[in-house]
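In case you want the letters, here they are:
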Amino acid sequence: MSAAWTLLRRDLGLLMPGGSGGGVLPLLFFLAVAMLYPFAVGPEPELLARTGGGVIWVAALLAAILPLEKLVTDDVEAGVFDQLHLRGVTEELAMAVRLIAHWLAFAPLLLIATLPAAALLGLGEETTQTVLLGLLAGTPGLAAVGLAVAALTASMRGGAALAGLMVIPLAVPILIFGAGALARPDPSALLLTAAISLGLCALAPLAAAAAIRAAREA
Amino acid sequence: MQAQLTAIDIACRRGDRLLFKGLSLACAPGDAVHVTGPNGVGKSSLIRILAGLLRPFSGEVTAEGGLGLVDERLALDPNQPLGKALAFWERLDGCSEPGRTLDLLQLEPLLDVPVRFLSTGQKKRAALARLLNRHCPIWLLDEPLNGLDGQAQKSVEALVAQHCDRGGIAVVASHQPIALPSPTLLGIEDYAA
């Protein structure tokens, strides 16, 4: 347990904005999309209010892809997982901890940034609330998909671009239900988003761990 | 519990090339093994197989006691100052007094320097510090002398001698001569497939 805590502290130090790895770039990217959208489709408030929630979802999905490049690759190359393996820290534990750290590093700030983004798009109070709840339910799943794909592509050349391409189809169910919750006032879509997220979070550390072990043999 | 490292009849395949086969090794406390051979013969692969990081193509490896590995992968965050990067492993290994090791390897003046600015030899010494702080009985060293100056090479040899003297096991892969305490020489080319 103390090993997990030590790992989490290290991972957070690397991934959190201000840490040596990620930074606030995904967040600025997210806000920039929300800001540019009205320029592209025109400023009609009705149109923006109707489509703004979906735009926020797509922007969140794309912002979740940005940190993937640094998520696992550097540590695989530096042999960090080798050293952890020798200390009896399984790849599964390391990946589960990394998943938590990855989510903590991008999701809470994304949720906060959703508020100014919603204001920029002129979303109503109710829509904003649905978007926030949907993102809260969906971002763990996005983080899980991102982690598994990042681990899979860690030892490939040009893996970052490939990771982005692979995350998108896998994230479709989250996007459909999460953004779908905006279309009708019914909590079941949000619950389905959360269910998909939980399932992905359970599977991702196992898949990512298998990917890292397979990369050793390559 | 006595430390022990045994490999029975292992073979190693990389890609579709069989590097070596029929290699057996039995280490008891105090043993030092010097793995030799030209580049590409499978020294690093053998070390990784013994560490349990690479599955042998055939054969079996058993290790009793903690394993410590030093290879060309540093496993220290390049952007962090050395002290902070090492502190992570110290916490993980439950090392209570890292100062002595840092002193021994003359790393103390470098603790504030980000790892990416360290020279090859300094990085190697940092990796050795992590190994020492782990207090494990089995050392697996892959080219530990690379990039070290004469004096540092001497101190690595002294560290290994001291380790074996205390009942530790050291398996050292090195293409350059290294003075080990009554070493068993293991030329991998003898087992080439």
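See the structure printed just above.
Presented here is a report on the structure given in the accompanying data block. Here the residue numbering is sequential within each chain, running from 1 through the sequence in written order. The naming scheme follows written order: chains are lettered A onward, ligands numbered 1 onward. Whole-chain, interface and lining totals are the exception, using all residues; otherwise, since this is a predicted model, local features are given only for residues with pLDDT of at least 70 and side-chain atom pairs are given and counted only at 80 or more. Excluding hydrogens and water, the side-chain figures rest on all heavy atoms present in the structure.

A word on the sheet that holds strand S8 (residues 184–187) of chain B. Residue and element names in this part refer to chain B. Read from one edge to the other, the open sheet built from five strands follows the order S5-S6-S7-S3-S8, with strand pairing classed as parallel. Lying at the two open borders of the sheet, with one neighbouring strand each, are strand S5 (67–70) and S8. The mean inter-strand angle of the sheet, taken between neighbouring strand axes irrespective of direction, is 15 degrees. Summarising the sheet, strand S6 (residues 138–142) and strand S7 (residues 169–173) pair through five bridges and their orientation is parallel. Pairing between two strands is assigned when DSSP locates at least 2 bridges connecting them. Strands are runs of DSSP state E lasting at least two residues, helices are runs of H or I lasting at least four, and both sets are numbered from the N terminus onward. Fitted lines through C-alpha atoms give the axes, limited to the stretch in contact for helices. The angle between two N-to-C directions lies from 0 to 180 degrees.

Another aspect to go through is the packing of aromatic side chains. Stacked, edge-to-face and tilted labels apply to pairs of Phe, Tyr and Trp rings (six-membered ring for Trp) whose centres lie within 6.5 Å, assigned for plane angles under 30 degrees, over 60, and everything in between, in that order. Here the structure, examined in full by the defined rule, presents one aromatic pair over all chains. On the numbers, 4.8 Å between centres and 65 degrees between planes, the contact of Phe88 of chain B with Trp89 of chain B is edge-to-face. Comparing Phe88 of chain B with Trp89 of chain B, the two get one shared label, buried. Two thresholds decide whether a charge sits over a ring: the Lys NZ or Arg CZ must be within 6 Å of the ring centre and within 35 degrees of the ring normal. Over the ring of Phe88 of chain B we find Arg10 of chain A; its NZ or CZ atom is 5.2 Å from the centre of that ring. We note Arg130 of chain B situated over the ring of Trp89 of chain B; from NZ or CZ to the ring centre the distance is 5.6 Å. Each residue's exposure class comes from its accessible area (1.4 Å probe, protein chains only) as a fraction of the maximum for that residue type: buried when under 20%, exposed when over 50%, partly exposed otherwise.

Let us look at the packing of helix H3 (residues 45–65) of chain A against helix H9 (residues 159–180) of chain A. Residues and elements named next belong to chain A. Their axes nearest at 10 Å, the elements H3 and H9 cross at an angle of 145 degrees. Judged by the twist between their axes, the crossing of H3 over H9 is right-handed. Contacts from Trp57, Val58, Leu61 and Ile65 of H3 reach H9 at Gly164, Val167, Ile168, Ala171, Ile174, Leu175, Gly178 and Ala179. Residue composition of the contact of H3 with H9, by class: 10 nonpolar, two polar and no charged. We call a crossing left-handed when the near helix sits turned anticlockwise from the far one by less than a right angle, and right-handed when that turn is clockwise. Note on contacts: a residue pair qualifies if any of its non-hydrogen atoms lie within 4.5 Å across the two residues. Gly is put with the polar residues, along with every residue not named as nonpolar or charged; the nonpolar set is Ala, Val, Leu, Ile, Met, Phe, Trp, Tyr, Cys and Pro, and the charged set is Asp, Glu, Lys and Arg.

Once that is clear, we can look at the interface of chain A and chain B. The interface is formed by 22 residues belonging to chain A together with 23 residues belonging to chain B. Taking both partners together, chain A and chain B bury about 2,100 Å²; carbon and sulfur atoms supply 54% of that area. Here the buried area means the combined drop in accessible surface, using a 1.4 Å probe, for two parts upon being joined, counting both sides. For the chain A face of the interface with chain B, the top three residues by lost area are Leu86, Arg87 and Glu217 of chain A, together amounting to 31%. Salt bridges are defined by distance alone: a side-chain nitrogen of Lys or Arg within 4 Å of a carboxyl oxygen of Asp or Glu. Across the chain A-chain B interface, the total number found is four salt bridges. When the shortest N-O distance is used, the salt bridge between Arg87 of chain A and Asp93 of chain B registers 2.7 Å.

A few words now on the nonpolar core. Membership of the largest hydrophobic core comes to 98 residues, with the highest contact counts inside it found for Phe30, Ile56, Val72 and Leu84 of chain A together with Leu76 and Leu82 of chain B. In plain words, nonpolar cores are sets of buried Ala, Val, Leu, Ile, Met, Phe, Trp, Tyr and Cys residues tied together by side-chain atoms within 4.5 Å. Judged by nonpolar contacts, the second largest core, of 30 residues, contains Leu5, Val41, Leu54 and Leu186 of chain B.

Residues and elements named next belong to chain B. Ordered in space as S2-S1-S4, the three strands form an open sheet in which the pairing is antiparallel. Edge positions in the sheet fall to strand S2 (17–27) and strand S4 (58–64), since each of these pairs with one other strand and no more. Averaged over all adjacent pairs, the angle separating strand axes in this sheet is 20 degrees, with direction ignored. Sheet topology note: the strand S1 (residues 4–14)/S4 ladder contains six bridges and is antiparallel. Along S4, the bridge assignment pairs Ala11 with Ser58.

What follows concerns the packing of helix H2 (residues 25–41) of chain A against H3 of chain A. All names here are of chain A. Contact geometry of H2 with H3 gives a least axis separation of 9 Å together with a crossing angle of 150 degrees. With respect to H3, the axis of H2 lies roughly antiparallel. Handedness of the crossing formed by H2 with H3: right-handed. Side by side, H2 and H3 meet where Pro26, Phe29, Phe30, Val33, Tyr37, Pro38 and Val41 of the first sit next to Leu47, Leu48, Thr51, Val55, Ile56, Ala59, Ala60, Leu62 and Ala63 of the second. Counted by class, the contact of H2 with H3 contains 15 nonpolar, one polar and no charged residues. Reported orientations rely on four angle classes, namely roughly parallel under 35 degrees, roughly antiparallel over 145, roughly perpendicular from 65 to 115, and oblique for the rest.

Residues and elements named next belong to chain A. What makes a patch is a set of residues exposed beyond 30% relative accessible area and free of salt bridges, joined within 9 Å when like-charged and within 5 Å when nonpolar (Val, Leu, Ile, Met, Phe, Trp, Tyr). Residue-level accessible areas treat just the shown protein chains as cover; the underlying method is Shrake-Rupley with a 1.4 Å probe. Taken together, the side chains of Phe29, Val58, Leu62, Leu66 and Ile168 present a nonpolar region at the surface, about 360 Å² in accessible area. As for its placement among the helices and strands, Leu62 is situated in helix H3. For Leu62, a relative accessible area of 31% translates into the label partly exposed.

Just distances and angles here, no functional claims.
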